[in-house]
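# Inside the fold
Here is how the chains run, residue by residue.
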Amino acid sequence: EEPPFSIDPLTGVVTLTAVLDREQVESYLFSVIATDQGVPSLSSAVNISVLVEDVNDNAPQFNASQYTASLVENSPLDTSIITIAATDPDQGSNGAILFSFIGEGPFSINSSTGEVFLSGSVDREEQAMYALTVVAADQGNPSLSSQAQLTITITDQNDNNPVFSLTHYIFSA
């Protein structure tokens, strides 16, 4: 494939002929030959190496748009629930992802790894499900981000004694 460059045959100025995308091709190596008009003509060649620098042109992408997990009520604090994953093909800080939640709840997320932990108490009888929005933001300038939904279902633990509906029962036989 021809590199996306042209050279002016009189001035030797090399110009772009197409938009470069580092995620497609990271570098180009080509030769330029200069030939004089003498008889016999003489020539010289030089290799040109072009490294394509990264720009923050990709937002992080989650591996799924929705995640689901379950957690037993009365689980201890810092219980690991699920790990959310995202990728960004940009380089350096443009591809470095930090995770966070929009809103609040009894959960925390490791900003680097995407691992979700229990950070407060949950009781299925009070709230049986939590719907959270997870944000993955790169560290480019400006930062690009995307969102995914996380649903955590709280499962029951046998933590309530049976209760009689009346204090006195009268039977006749």
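The structure reproduced in this document is the subject of the present report. (Residues numbered from 1 in each chain as written. Predicted model: local features only at pLDDT ≥ 70, side-chain atom pairs only at ≥ 80, totals over all residues. Heavy atoms only, no water.)

## Here's the deal with the side chain of Ser75
Mapped onto the elements, Ser75 comes out in the loop between β6 (66-72) and β7 (80-83). Assessed through its relative accessible area of 18%, Ser75 is described here as buried. A polar atom in the side chain of Ser75 sits 2.4 Å from the backbone oxygen of Val72. (Helix = DSSP H or I, 4+ residues; strand = E, 2+ residues; numbered from the N terminus. Buried < 20%, exposed > 50% of the residue type's maximum accessible area, 1.4 Å probe, protein only. Polar contact = N/O pair within 3.5 Å; in protein donor to acceptor, adjacent residues only side chain to side chain.)

## A few points about the sheet that holds strand β12 (residues 129-138)
Pairing within the open sheet is mixed, and its 4 strands lie in the order β6-β13-β12-β9. The strands lining the two open edges of the sheet, one partner per strand, are β6 and β9 (97-102). Direction aside, the axes of adjacent strands within the sheet are offset by 30° on average. Where β12 and strand β13 (residues 145-155) come together, 9 bridges link them in antiparallel fashion. In the sheet register, Ala137 faces β13, and the bridge partner there is Ser145. (Pairing = 2+ DSSP bridges. Axes fitted to C-alpha atoms, helices over the stretch in contact; angles between N-to-C directions.)

## Examining the packing of aromatic side chains
Scanning the model with the defined rule gives 5 aromatic pairs in all. Arranged with centres 5.4 Å apart and planes meeting at 85°, the rings of Phe5 and Tyr28 form a pair that is edge-to-face. Taken together, the residues Phe5 in strand β1 (residues 5-7) and Tyr28 in strand β3 (residues 27-35) connect sequence positions 23 residues apart. The same class applies to Phe5 as to Tyr28, namely buried. Taken together, a centroid distance of 5.1 Å and an interplanar angle of 80° make the contact between Phe107 and Tyr130 edge-to-face. Pair noted here: Phe107 is in strand β10 (residues 107-109) and Tyr130 is in strand β12, with a separation of 23 residues, a long-range link. (Phe/Tyr/Trp six-rings, centres within 6.5 Å; stacked < 30°, edge-to-face > 60°.)

## Thoughts on the pattern of salt bridges
Counted under the stated rule, the structure contains 4 salt bridges. Here Arg22 ties to Glu23 by a salt bridge, and the two come within 3.0 Å at their closest N and O atoms. Exposure remark for Arg22: the relative accessible area of 6% places this residue in the buried category. Where Arg22 meets Asp54, a salt bridge forms, and the shortest distance between an N and an O atom there is 3.1 Å. Of the two residues, Arg22 sits in the loop between β2 (14-16) and β3 while Asp54 sits in the loop between β4 (43-51) and β5 (61-62), which places them 32 residues apart along the sequence. When sorted by exposure, Arg22 lands in the same class as Asp54, which is buried. A cluster of three or more residues bridged by salt bridges with shared partners is formed by Arg22, Glu23, Glu26 and Asp54. (Salt bridge = Lys/Arg side-chain N within 4 Å of Asp/Glu carboxyl O.)

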